[in-house]
Structures are given as structure tokens and as C-alpha cells.
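# Chains, contacts and geometry: an overview
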Amino acid sequence: MADLRSDTVTRPTPEMRAAMASAPVGDDVFGDDPTVNELEAHVARLFGHEAALFAPSGTMANQIAMQLVVPAGEELLAGADAHVVTYELGAAAALGGISTRTWPSRGAALDVDEIAAMIRPAGYPSVPTRAIAVEQTHNLGGGGVVPLATLHRLHEVAVNAGVALHCDGARIWHAHVADGVPLFAYGQLFDTLSVCLSKGLGAPVGSLIVGSAERIARARQLRKRMGGGMRQVGILAAAGRYALDHHVERLAQDHARARRLAEALEPFGVVDAAEVRTNLVPLDLTKAPMDAPTLVARAAERDVRITVMLPRLARAVTHLDVDDDDIDRTIEVLSGLLRAA
Ligand SMILES: Cc1ncc(COP(=O)(O)O)c(C=O)c1O
């Protein structure tokens with residue numbers, strides 16, 4: 001079975017499991033877990049920030065970070081296709097009382113002037129904008145990478161307007177590898193970041209919120225309030241640390257495999273291979289005679305698993321547990337189905 005549904009389906013490697021088994025642990029709610037403390041300090045350093053906080057999921061990390069920078073009843077700007085808007089089940093409003101206003105879906109191709117024009121300053125009879133959230137890489141945007149120059153321009157806009165900039169960096173490692181931008185170069189542009197260890201890096205669980213020491217102290221309280229205070233969680237932090245040490249640079253292989261898959265499927269008019277820069281391969285079936293649920297079901301019957309994103313959008317994802325043979329098999333099966341259709 002070639003499982004390309006998501007980069008979250010990876011299983012810990014034997015070496016990662018060994019690191020987990022031997023990790024020193026303590027009660028992290030008391031701040032006693034040395035493995036968690038070390039991971040948090042390490043990730044803060046990677047991004048050039050003062051502090052970081054381990055959280056159980058990317059969603060919780062995003063939501064805590066956004067609550068840090070947007071008070072209840074005030075406004076966050078984000079893309080209509082952002083994970084924080086589309087897939088977090090209204091958490092910004094439901095949990096943080098945050099009012100969200102969106103720019104049209106553009107994936108990673110941000111229009112900085114458009115975003116700048118949306119900012120509403122405080123002091124007027126309208127909801128004040130407090131933060132802008134961007135996604136790196138962009139999930140619904142097919143794993144697209146926001147160029148560093150665009151982020152610099154957005155940073156300048158945010159600083160001039162006095163609003164915070166948050167990065168949903170679930171796959172920021174992929175951007176770092178694809179564009180060769182150091183993680184700290186991204187870090188210095190954002191007030192808060194959330195980064196995931198369980199998407200493509202191979203850790204079973206875990207995300208971190210990155211920011212100033214003051215914000216992370218507050219984040220610790222918000223995490224507890226949301227039920228995310230964990231105890232001997234160094235067992236999981238050890239997996240994350242192992243992943244950071246061993247599984248970042250190898251993402252280039254996942255990107256190359258994704259590109260090979262996209263190039264093979266391009267003749268069917270479902271993907272533009274040049275747009276595939278990282279590990280996500282979106283399959284646009286708007287002009288195909290088969291919708292996404294049908295393609296996904298038929299591929300599964302042939303031992304290839306991909307996923308439905310929208311009625312006419314499917315997605316294949318490369319990751320640690322996908323090898324060249326899996327790509328060959330996926331190309332054979334999907335080409336066969338698209339050709340037959
Ligand atoms: C861009 C992005 N942000 C956040 C998340 C949320 O992560 P989690 O599933 O750990 O809550 C995901 C999950 O796929 C994602 O793709």
C-alpha cells in the first residue's frame with residue numbers, strides 16, 4: 001500500500017523510538033521535564049526567538065498564538081484558504097472570540113498591497129485589526145512557498161500599522177529546504193509562529209508556539225486553559241528533537257518525489273508540475289471526467305491512497321514513509337485511472 005494521503009501518517013522510525021524510550025522525563029506542567037525544556041529552548045534558538053512552548057497539535061498551537069496577539073472581539077486578517085480559517089472548525093471565534101476577515105484565496109501568492117489595504121486601525125468605529133496570519137508552506141495552496149521578499153514587505157506593512165504577524169508554519173521546514181532560507185530569517189519576521197513536528201518530519205505528535213518570553217509565559221496559561229498541559233511528555237518531545245536533528249534536510253527527497261509524480265501526471269491536465277515546490281501534489285479535477293471521491297476510491301482499490309480535499313480536488317503527499325517504489329506505483333495507478341476516464 002502506497003499511502004500518500006498526508007505527511008501525518010508517518011510512523012516513528014526504530015531510532016526515533018529508541019530516543020523516545022531513553023528520554024529523561026518529568027512533570028511538564030511543573031516545568032520539570034528536561035527533554036521538553038531542551039526542545040523548547042532549541043526551537044526558540046532555531047527561529048531566533050526568546051522562547052517556545054510544546055503543544056499537542058498544530059491547531060492548538062495556532063489558536064494559542066492567535067489569542068496571544070488578538071484580544072477577544074478584535075480582528076485577525078488571513079487568507080480565505082488558510083488552515084486557521086478553513087480547517088480549525090471556527091476555533092478562533094469559538095475559543096478566542098476573534099473576529100476574522102479574509103482576503104481571497106491566493107495560496108502562497110500573497111498580494112501585500114491587498115492585505116495592507118484591509119488593515120483597519122484602532123480608534124475608528126470598526127473592529128480594529130490586531131494581527132495578520134500567513135501560512136508557510138501553504139496547504140490548500142498546494143504546498144506553495146511564500147517568498148522571503150514578500151514576507152519582508154508584509155513585515156514592513158505590519159510594523160508600520162502596529163499589527164502583529166503570525167506564521168502558521170506547520171511545514172515551515174519544507175519552505176526552509178525548498179528556498180534555502182534559514183529558519184531564523186523567517187523567525188525574525190514574525191511575532192508568533194506555530195511549527196509542527198508531526199508533518200513530514202516523522203514525529204508522532206507535537207507542535208511548538210514560538211515568540212517572546214512574555215508571550216510564551218502567557219501561552220503556557222492559555223495551553224493549560226485549553227486542556228493542553230501534559231505531564232511526562234518528554235517521551236514525545238524526544239521524538240520531535242530526533243526529527244529536527246535527522247529529518248529536516250531529507251525533505252529535499254520528498255520534494256523531488258512530489259515533483260516526479262506531478263511531472264508524470266501533468267499530461268492529464270490535473271497539475272502544473274512547475275508549481276509543485278514541496279511535498280504536496282494537488283490534483284485539480286475540474287476538467288477531468290472523474291471527481292475526487294471517485295478517483296480516491298478507485299486508487300484505494302489498487303493499493304494507492306490519496307485524499308479528497310474538495311469535490312474536484314484531490315491531493316497526494318510525499319513523506320518519510322513514501323519511497324521511489326511507492327511513487328512508481330502511484331504514477332502507474334493514477335495515470336491508468338485518468339487515462340481510462
Ligand atoms: C498548514 C497547517 N496548519 C495547521 C495544521 C494543524 O495541525 P494539527 O492537525 O496538528 O492540528 C495543519 C494540519 O494539517 C496544517 O496543514
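Above this text is the structure in question.
Described below are features of the structure shown in this document. (Residues numbered from 1 in each chain as written. Predicted model: local features only at pLDDT ≥ 70, side-chain atom pairs only at ≥ 80, totals over all residues. Heavy atoms only, no water.)

### Details of the packing of helix H12 (residues 251-265) against helix H14 (residues 324-340)
The interhelical angle for the contact between H12 and H14, taken along N-to-C directions, is 20°, at an axis separation of 10 Å. Overall, the two elements H12 and H14 adopt an arrangement that is roughly parallel. Where H12 crosses over H14, the handedness of that crossing is right-handed. Between H12 and H14, the contacting residues are Arg 257, Arg 260, Leu 261, Ala 264 and Leu 265 on the first element and Asp 324, Ile 327, Asp 328, Thr 330, Ile 331, Leu 334, Ser 335 and Leu 338 on the second. (Axes fitted to C-alpha atoms, helices over the stretch in contact; angles between N-to-C directions. Helix = DSSP H or I, 4+ residues; strand = E, 2+ residues; numbered from the N terminus. Parallel < 35°, antiparallel > 145°, perpendicular 65-115°, else oblique. Left-handed = near helix turned anticlockwise from the far one by under 90°. Contact = heavy atoms within 4.5 Å.)

### Some words on the sheet that holds strand S6 (residues 164-169)
The strand order across the open sheet built from seven strands is S2-S8-S7-S6-S5-S3-S4, with neighbouring strands paired in mixed fashion. The two strands at the open ends of the sheet, each matched to only one other strand, are strand S2 (51-55) and strand S4 (99-103). When the angles between neighbouring strand axes are averaged without regard to direction, this sheet yields 20°. Bridging between S6 and strand S7 (residues 192-196) involves four bridges; their strand directions are parallel. Looking at S7, one finds that Cys 167 is bridged to Leu 193. Contacts from helix H8 (residues 172-179) reach S6 and S7 within the one sheet, and its direction differs from that of S7 by about 90°. (Pairing = 2+ DSSP bridges.)

### A word on the environment of Gly 79
Secondary-structure assignment places Gly 79 in strand S3 (residues 75-79). As a C-alpha pair, Gly 79 and Thr 102 span 23 residues in sequence and 5.0 Å in three-dimensional space. In this view, Gly 79 contacts Val 85, Thr 102 and Trp 103; residues no more than four positions away in its chain are not counted.

### Overview of the pairing of S7
Burial of S7 is extensive: five of the five residues sit out of reach of the surface. Both faces of S7 are covered, namely the face carrying Thr 192, Ser 194 and Cys 196 and the face carrying Leu 193 and Val 195. Across four bridges, the pairing between S7 and strand S8 (residues 207-211) is antiparallel. Of the residues in S8, the one forming a bridge with Val 195 is Leu 208. (Buried < 20%, exposed > 50% of the residue type's maximum accessible area, 1.4 Å probe, protein only.)

### Quick notes on the packing of helix H2 (residues 34-46) against helix H11 (residues 234-246)
One can describe the packing of H2 onto H11 by two numbers: an axis separation of 8 Å at closest approach and a directional angle of 35°. Regarding H2 and H11, the two cross each other, and that crossing is left-handed. Residue-level contacts link Thr 35, Val 36, Glu 38, Leu 39, His 42, Val 43 and Leu 46 of H2 to Gly 234, Ala 237, Ala 238, Gly 240, Arg 241, Leu 244 and Asp 245 of H11. Class assignment of the residues belonging to the contact of H2 with H11 gives a composition of seven nonpolar, four polar and three charged. (Nonpolar A, V, L, I, M, F, W, Y, C, P; charged D, E, K, R; others polar.)

### As for the site of the ligand
Taken together, Ser 57, Gly 58, Thr 59, Asn 62, His 83, Glu 88, Glu 135, Asn 139, Asp 168, Ala 170, Arg 171 and Lys 199 make up the full set of residues near the ligand. Between an oxygen atom of the ligand and a main-chain N or O atom of Gly 58, the distance comes to 2.8 Å. Residue Thr 59 places a side-chain N or O atom 2.6 Å away from an oxygen atom belonging to the ligand. Protein chains shield 82% of the accessible area of the ligand, which is 390 Å² for the free molecule. Looking at which element gives the most residues to the shell around the ligand, the answer is helix H3 (residues 58-69), with three residues. Looking at side-chain class alone, the shell around the ligand contains one nonpolar, six polar and five charged residues. (Near = heavy atom within 4 Å. Polar contact = N/O pair within 3.5 Å; in protein donor to acceptor, adjacent residues only side chain to side chain. Areas by Shrake-Rupley, 256 points an atom, 1.4 Å probe, with all protein chains shown as cover.)

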